[in-house]
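Listed below, chain by chain, are the residues.
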Amino acid sequence: MSEARDPNSTFPIVVLTGAGISKESGLDTFRDKGGIWEQVSIEEVATPEAFQANPERVQQFYNDRRRQLTQDRPEPNPGHEALARLEREWPGEVLVVTQNIDDLHERAGQQNLIHMHGELRKARCTDCESVVAWENDLSAASPCPHGDTGTLRPHIVWFGEMPFEMERIFDALQRCGLFMSIGTSGSVYPAAGFVQEVRRGGQGHTVELNLEPSDGSMFFHETRSGPASEVVPAFVD
Ligand code: BJW
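Caption draft 1: Focus on the domain arrangement of the protein. Each assigned domain of the protein is listed here: domain 1 (13-27 + 76-117 + 163-236) and domain 2 (36-73 + 123-156). Measuring from the centre of the C-alpha atoms in domain 1 to the corresponding centre in domain 2 gives 26 Å. Facing eight residues of domain 1, the contacting portion of domain 2 comprises eight residues. Together domain 1 and domain 2 conceal approximately 660 Å² of surface at their shared face, both sides included; 63% is due to carbon and sulfur atoms. Contact with domain 2 buries surface across domain 1, with Ile101, Arg107 and Phe164 losing the most and accounting together for 61% of the total. On the surface where domain 1 and domain 2 come into contact, there are zero salt bridges. Its residues assigned to classes, the side of domain 1 that touches domain 2 shows three nonpolar, two polar and three charged.

Caption draft 2: Spatial organisation of helix 9 (residues 194-201). Listed as buried for helix 9 are Phe194, Val195, Glu197 and Val198. In an axial view of helix 9, the angular spread of the buried residues amounts to 160°, which keeps them on one side of the axis. Where helix 9 is buried, its residues meet strand 1 (13-17), strand 2 (94-98), helix 8 (166-175), strand 7 (178-182) and strand 8 (205-210). Gly202 occupies a position one or two residues after helix 9 and carries a positive phi of about 85°.

Caption draft 3: Structural view of helix 10 (residues 228-236). The element helix 10 is extensively covered by neighbouring structure, given that seven of its nine residues are classed as buried. Within helix 10, the full set of buried residues consists of Ala228, Ser229, Val231, Val232, Pro233, Phe235 and Val236. Its buried side turned inward, helix 10 meets helix 1 (20-23), helix 6 (78-89), strand 7, strand 8 and strand 9 (222-225).

Caption draft 4: Highlighting the layout of surface pockets. The calculated volume of the second largest pocket comes to roughly 150 Å³. Residue lining of the second largest pocket: 17 residues in total, with Gly186, Ala192, Val195, Gly216 and Phe220 positioned closest to the centre. At the level of secondary structure, the elements contributing two or more residues to the lining of the second largest pocket comprise strand 7 and helix 9.

Caption draft 5: Broad picture of the pattern of salt bridges. Enumeration according to the criterion identifies 15 salt bridges in this entry. Here Asp137 makes a salt bridge to Arg67, at a shortest N to O gap of 3.0 Å. Pair noted here: Asp137 is in the loop between strand 5 (131-133) and strand 6 (152-156) and Arg67 is in helix 5 (residues 55-70), with a separation of 70 residues, a long-range link. With a relative accessible area of 41%, Asp137 lands in the partly exposed category. Using a relative accessible area of 30% as the deciding quantity, one classes Arg67 as partly exposed. Bridged by salt links that share partners, the residues Glu75, Asp103, Arg107, Arg121 and Glu135 form one connected network.

Reading the values: the criteria
- Residues numbered from 1 in each chain as written.
- Predicted model: local features only at pLDDT ≥ 70, side-chain atom pairs only at ≥ 80, totals over all residues.
- Heavy atoms only, no water.
- Domains from an automatic or database assignment.
- Contact = heavy atoms within 4.5 Å.
- Buried area = accessible area lost by both parts, 1.4 Å probe.
- Salt bridge = Lys/Arg side-chain N within 4 Å of Asp/Glu carboxyl O.
- Nonpolar A, V, L, I, M, F, W, Y, C, P; charged D, E, K, R; others polar.
- Buried < 20%, exposed > 50% of the residue type's maximum accessible area, 1.4 Å probe, protein only.
- Helix = DSSP H or I, 4+ residues; strand = E, 2+ residues; numbered from the N terminus.
- Arc of directions from axis to C-beta.
- 1 Å grid on protein atoms, 1.4 Å probe; cavity = no way out; pocket = protein on both sides within 12 Å on 5 of 7 lines; lining within 4 Å.
- Points joined across faces, edges and corners; volume = space filled by probe spheres on them.

Here you go:
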């Protein structure tokens, strides 16, 4: 890896990714011009209150995006591939924490991966909370396959809900020697605070790789600008 601090050490690496890494695979970001939040409002589709008020509308929003994954089959790009290569070749631990609900990291070969905002290809019972692999459309009345009274909702973290695996993520942030943030605007917490968590620990080098410096770029030791398909391989290889 270019400019790694000590070529002989095997410090743990944590990588946070956001919608920007999947942009060049054909998936929209949220807050760029023409992005998802210009097409629909957060209050309409991305809160528990929205789901309670109009479950069909919320299911339709995620059905459309799920179909985009299962039918259009966007391919991982060189940014995803470089991170999978980093995990294979780095002698220490590499943990990728993605805010993305697509499956492009796993399809690139990433193994040590946390989907902190959930996964489009999974559904969860509103009653027993069991999580099932799900490829098809959901409706407001899709029954839980375990036969209880619950219905299936997208396995997604909406605003006001707790992201997944936070304990494991904070443990990794406190131990890491390198933190990379890729393709995220840094406007949604708790992910936006990860860089400061690493800085508080004082031992990790922090790098932002983004199309352009984000609003939080001043918190990083280093910022590199450009499309993920170019800047990620250039940094990692
Ligand atoms: C490229 C590129 C290219 C483009 N190459 N780059 C007030 C203050 C502080 C916090 C709060 C507050 N009020 C409420 C909160 C909490 C709230 C929050 O943060 N709100 C903010 C709006 C202020 N957060 C929550 O509610 C979260 N839960 C929570 O906090 O629980 C309590 C808790 C407490 C303590 C510890 C732990 C938890 C839940 C957040 C749920 C987010 N859900 C969404 C939608 C669901 C998933 C989905 O439908 O896909 O997740 S919102 C949406 O934003 C989605 C994304 O994962 C998330 C982040 O977006 P991302 O990935 O950064 O995308 P963009 O579009 O913003 O940025 C893309 C970037 O890529 C840009 O910078 C481009 O330049 C760049 N780019 N092309 C490289 N080719």
